[in-house]
Amino acid sequence: MNCLWRLWAVLTGQKFVYLKDFDGEITTSLAYKTPFGWVARRNGRAIVLREDSKIEGVSYVTEWREER
């Protein structure tokens, strides 16, 4: 994603995250805070991000990392 997405994330209190699929493909997404934790979207589906860099529930996304 470009710098405008990163700027948007900062202005709206979101995180810019990398999502790793089960086949090794890495994509980027914006994550937002909910009462259940941080949530990112991948192909229109909501993915709950756990604190240990894993994903809550069943998904083809297996890991996530926050951009530093």
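**So, the pattern of salt bridges**
Side chains that carry opposite charge are capable of pairing whenever their charged atoms lie near each other.
Then comes step 1: Enumeration according to the criterion identifies 6 salt bridges in this entry.
Then comes step 2: The closest approach of N and O atoms between Glu25 and Arg42, which form a salt bridge, is 3.9 Å. Linking Glu25 in the loop between strand E1 (15–21) and strand E2 (26–34) with Arg42 in strand E3 (residues 37–42), this pair joins segments that are 17 residues apart in sequence.
Then comes step 3: Accessibility expressed as a relative area gives 11% for Arg42, which makes it buried.
Then comes step 4: A salt bridge links Glu63 to Arg65; its shortest N-O distance comes to 3.4 Å.
Then comes step 5: Bridged by salt links that share partners, the residues Lys20, Glu63 and Arg65 form one connected network.

**Here we look at the pairing of E2**
Then comes step 1: Bridge analysis of E1 against E2 gives 6 bridges, and the strand direction is antiparallel. Among the inter-strand pairings, Lys15 is bridged to a residue of E2, identified as Ala31.
Then comes step 2: Connecting E1 to the antiparallel partner E2 that follows it, the hairpin turn spans 4 residues, and Gly24 within it adopts a positive phi of roughly 95°.
Then comes step 3: In this structure, the hairpin formed by E2 and E3 is closed by a connection of 2 residues.

**Details of the packing of aromatic side chains**
Then comes step 1: According to the stated counting rule, one finds 1 aromatic pair in the structure shown.
Then comes step 2: Ring centres of Phe16 and Tyr18 lie 6.0 Å apart, and the angle between their planes is 85°; this geometry places the pair in the edge-to-face category.

**Observations concerning the sheet that holds strand E5 (residues 61–66)**
Then comes step 1: Across the sheet, 5 strands lie side by side as E4-E3-E2-E1-E5; this open sheet has antiparallel pairing. Two strands close off the open sheet at either side, each with one partner strand: strand E4 (45–49) and E5. When the angles between neighbouring strand axes are averaged without regard to direction, this sheet yields 40°.

**A closer look at the side chain of Asp21**
Then comes step 1: Note that Asp21 resides in strand E1.
Then comes step 2: Accessibility expressed as a relative area gives 4% for Asp21, which makes it buried.

**Some words on unusual backbone geometry**
Then comes step 1: Positive phi outside glycine occurs at Asn43, with the angle close to 55°.
Then comes step 2: Take Asn43: it is sitting in the loop between E3 and E4.

The rules we used
Residues numbered from 1 in each chain as written. Predicted model: local features only at pLDDT ≥ 70, side-chain atom pairs only at ≥ 80, totals over all residues. Heavy atoms only, no water. Salt bridge = Lys/Arg side-chain N within 4 Å of Asp/Glu carboxyl O. Helix = DSSP H or I, 4+ residues; strand = E, 2+ residues; numbered from the N terminus. Buried < 20%, exposed > 50% of the residue type's maximum accessible area, 1.4 Å probe, protein only. Pairing = 2+ DSSP bridges. Phe/Tyr/Trp six-rings, centres within 6.5 Å; stacked < 30°, edge-to-face > 60°. Axes fitted to C-alpha atoms, helices over the stretch in contact; angles between N-to-C directions.

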